[in-house]
Structure formats: C-alpha cells, structure tokens
Amino acid sequence: MPVVPTSHGSDVHYRITGSGPRLLLVHGSTSDSASNFALMEPLLSQDRTLVLPDYAGSADTPLPPGGELTIGMLADQMAAVVRATSTTAVDVAGASLGAVVAAALAADHPELVRRLVLVVGWARNDDPRQEMALGLWRRLADTDPRAYGQYITVLAHSPEHLAGLEPKELQALAEAAEPTEGARRQLDLDLTVDIRSRLPRIKAPTLVVGASRDQVIPVHHARELHAGIAGSRYAELDSGHNVLLEQPQQLASLIDGFLT
C-alpha cells in the first residue's frame, strides 16, 4: 500500500482503484476506507479512479506523536494525499467525520478540490443530545467494549435495516466495532468538532447529503451544513447514519449525478 509522509509525524496509507477522473473518499471515525466504502467502491470505480486514504488512527496509518487529533491535521493529511496522487484538483466525498474533514480540506486547501460531497456530516457539536449520544459511545470505549459495538450498531442503522438482517449478520456488525486507541482519539475529535468558521470559505460546488433516520448525527446538522455553504445543493435519503451500507446504490447515484 502506498504511503505519503506528512508534516504531522505520521505517514498516511492509501489505496487507488478504478480508472477515470479522480475521486478522493474520506472515511468516518472509528472506521477505515476499506470497511467504510466496501459497498461503494464497485459502484463508483466503474467510471472513476478512487483514492482511498486512511487518516491518522485508522488501519495502518498511525496516530501522531502524542495521539491528539485535530480537524486541520486530518485535512492536511488528505491534502498531502491529493498532492501525491494528482497534478490537478480532484473531486472529494466524505462521510460522517470524513465529511467534516472533507469540508475542512475544501476550506483550507481550495486549490485541491474540484467538487465536494458531504454525507451525514455536521458543523458543530454543541447540540446537547448529540453530545450525550457521542459521549456515551466514547465512555463505552473505555468501560465495555462489547456494549460499545452493540450501542453504535443500534444507533447507526435504521430499525428496518437491522430487523432485516440475520442474527449472525447483526452480531458481526456489532463485533466489527472495535474500540482501538485510534478509534478513541477519533471519538474525542468527534466531540469537539466546530467548522462553522470554515464554511464560508468553501468555494467548490458542493452537494450535502443527509439521512432522515440518522440517530448519530441527526439530519438537522446536514441541513445546517447546507445552509452554511453558499450555493450548495441538498439531498436526503431514507436511511440511518450508515447510509454507505443501507443505501449504497442510491448514494452512488447521487454522487455520480452531481460529479458528472
């Protein structure tokens, strides 16, 4: 797997697949590019070259010295990957914390982003309900790893989607959520997100996608992102937070239509 060094003390690992115009995909917290985009890769790589980095704390990309993460640091890591893999601006799509990082990338490094897609993202974390939900998930990472996986599985998917799974499939989803040290540091970052001051600096044409049944990042946060980015478009899918798993075909169609 190729790596690119960054100024923050950790080499960023990434993968490239497909052919055509370049699309950088930025995964969410406590996950990585392989698991987050497993269902999206075959759909989006038919007509595009996908660049799939793992930011600090995920997969083989280590945490920086000291372990603390910031949105600016992760945006800089994504900028380093774009510069290493393309001589021109690329399209960028991010999901969950990946949407926050992608938005920061477009604000901090506008010359690198051609078009921008933000899926189930948010601009701030001073919503008391959201603080409670994410804060409980963070505490479970330290106190009860099994409950940590079960909690986020229930929270991140719509009831109808989970009810349609076999018991073994549901159990596998819960067991896949592992509270690694990288996941803990990323959750710490989730709890301090505030990119409102960056939103007016986003000039790339932007599509914001919300999920109407989202219990991790309630959909009004996606609508707020849309309102804060001048000229952005908005779409909403009938899904829980993990829209990448629940509605991959519909999401891929939205992304493809916007980028094309």
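How each quantity is defined
Residues numbered from 1 in each chain as written. Predicted model: local features only at pLDDT ≥ 70, side-chain atom pairs only at ≥ 80, totals over all residues. Heavy atoms only, no water. Helix = DSSP H or I, 4+ residues; strand = E, 2+ residues; numbered from the N terminus. Rg over C-alpha atoms; globule rule 2.2 N^0.38 Å. Buried < 20%, exposed > 50% of the residue type's maximum accessible area, 1.4 Å probe, protein only. Contact = heavy atoms within 4.5 Å. Axes fitted to C-alpha atoms, helices over the stretch in contact; angles between N-to-C directions. Left-handed = near helix turned anticlockwise from the far one by under 90°. Polar contact = N/O pair within 3.5 Å; in protein donor to acceptor, adjacent residues only side chain to side chain. Phe/Tyr/Trp six-rings, centres within 6.5 Å; stacked < 30°, edge-to-face > 60°. Lys NZ or Arg CZ within 6 Å of the ring centre and 35° of its normal. Pairing = 2+ DSSP bridges. Core = buried A, V, L, I, M, F, W, Y, C linked by side-chain atoms within 4.5 Å.

Caption draft 1: Highlighting the overall build of the protein. Secondary structure summary: the protein contains 12 helices and 8 strands in total. Relative to the globule expectation of 18 Å for 260 residues, the C-alpha radius of gyration of the protein, 17 Å, shows essentially globular dimensions. Dimensions of the protein, computed from C-alpha atoms along their principal axes, come out at roughly 45 × 40 × 35 Å. Out of the 260 residues belonging to the protein, those deemed buried represent 57%. Here the contacts in the protein between residues at least 6 apart in sequence split such that 75% fall between residues at least 24 apart.

Caption draft 2: Quick look at the packing of helix α6 (residues 145-156) against helix α8 (residues 167-176). The contact between α6 and α8 brings their axes to 7 Å, and the two run at 115°. As for how α6 packs across α8, the hand of that crossing is right-handed. Touching Gly149, Gln150 and Thr153 of α6 are Leu170, Leu173 and Ala174, all from α8.

Caption draft 3: The arrangement of the side chain of Gln130 in detail. Counting through the fold element by element, Gln130 comes out in helix α5 (residues 128-143). Of note is the side chain of Gln130, whose polar atom sits 2.6 Å from the side chain of His221. Each residue touching Gln130, except ones within four places of it in the same chain, is listed here: Trp122, Arg124, Asn125, Gly135, Val216, Ile217, Pro218 and His221.

Caption draft 4: Looking closely at unusual backbone geometry. Although it is not a glycine, Thr30 sits at a positive phi angle of roughly 65°. Its location among the elements puts Thr30 in the loop between β3 (22-26) and α1 (33-36). Located in the positive-phi region is Val120, a residue other than glycine, with phi close to 45°. Mapped onto the elements, Val120 comes out in the loop between β6 (113-119) and α5. Judged by relative accessible area, Val120 falls into the buried class, the value being 3%.

Caption draft 5: View of the environment of Arg184. With respect to the element layout, Arg184 can be found in helix α9 (residues 181-190). By relative accessible area, which is 17% here, Arg184 ends up buried. When the C-alpha positions of Arg184 and Leu244 are compared, they lie 22 Å apart, and in sequence the two are 60 residues distant. Arg184 has contacts with Arg138, Ala141, Asp142 and Pro179, leaving out every residue within four places of it along the chain.

Caption draft 6: Structural detail: the packing of aromatic side chains. Applying the stated criterion across every chain yields a total of 1 aromatic pair. A ring pair is formed by Trp137 and Tyr148, whose centres lie 5.6 Å apart and whose planes are at 25°; its orientation type is stacked. Here Trp137, found in helix α5, pairs with Tyr148, found in helix α6; they are 11 residues apart in sequence, far enough to count as distant. One cation-aromatic arrangement involves Arg115 over Phe258; the distance from NZ or CZ to the ring centre is 4.9 Å.

Caption draft 7: Inspection of the side chain of Thr85 at higher detail. Note that Thr85 resides in helix α3 (residues 71-85). Among the polar contacts listed, one links the side chain of Thr85 to the backbone oxygen of Val81, at a separation of 2.8 Å. Those residues in contact with Thr85, other than ones at most four positions away along the chain, are Tyr14, Ile16, Arg22 and Val51.

Caption draft 8: Examining the sheet that holds strand β5 (residues 90-95) more closely. Read across the sheet, 8 strands follow the order β1-β2-β4-β3-β5-β6-β7-β8 without closing on themselves; strand pairing throughout is mixed. On the outer flanks of this sheet lie β1 (3-4) and β8 (233-237), each paired with one strand and no other. Inspection of the sheet shows β1 paired to strand β2 (residues 12-18) by 2 bridges, in the antiparallel sense. Following the sheet pairing, Val3 is matched in β2 by His13.

Caption draft 9: Structural context of the nonpolar core. Counting residues in each nonpolar core, the largest one holds 62 residues, and the members touching the most others are Leu24, Ile71, Val92, Leu97, Leu105, Leu116 and Leu118. Among the elements that take part in this core, helix α4 (residues 97-108) stands out by supplying 10 residues, more than any other. Beyond its immediate sequence surroundings of up to four residues, Leu105 is in contact with Leu24, Ala75, Met78, Ala79, Val92, Pro110, Leu112 and Val113.

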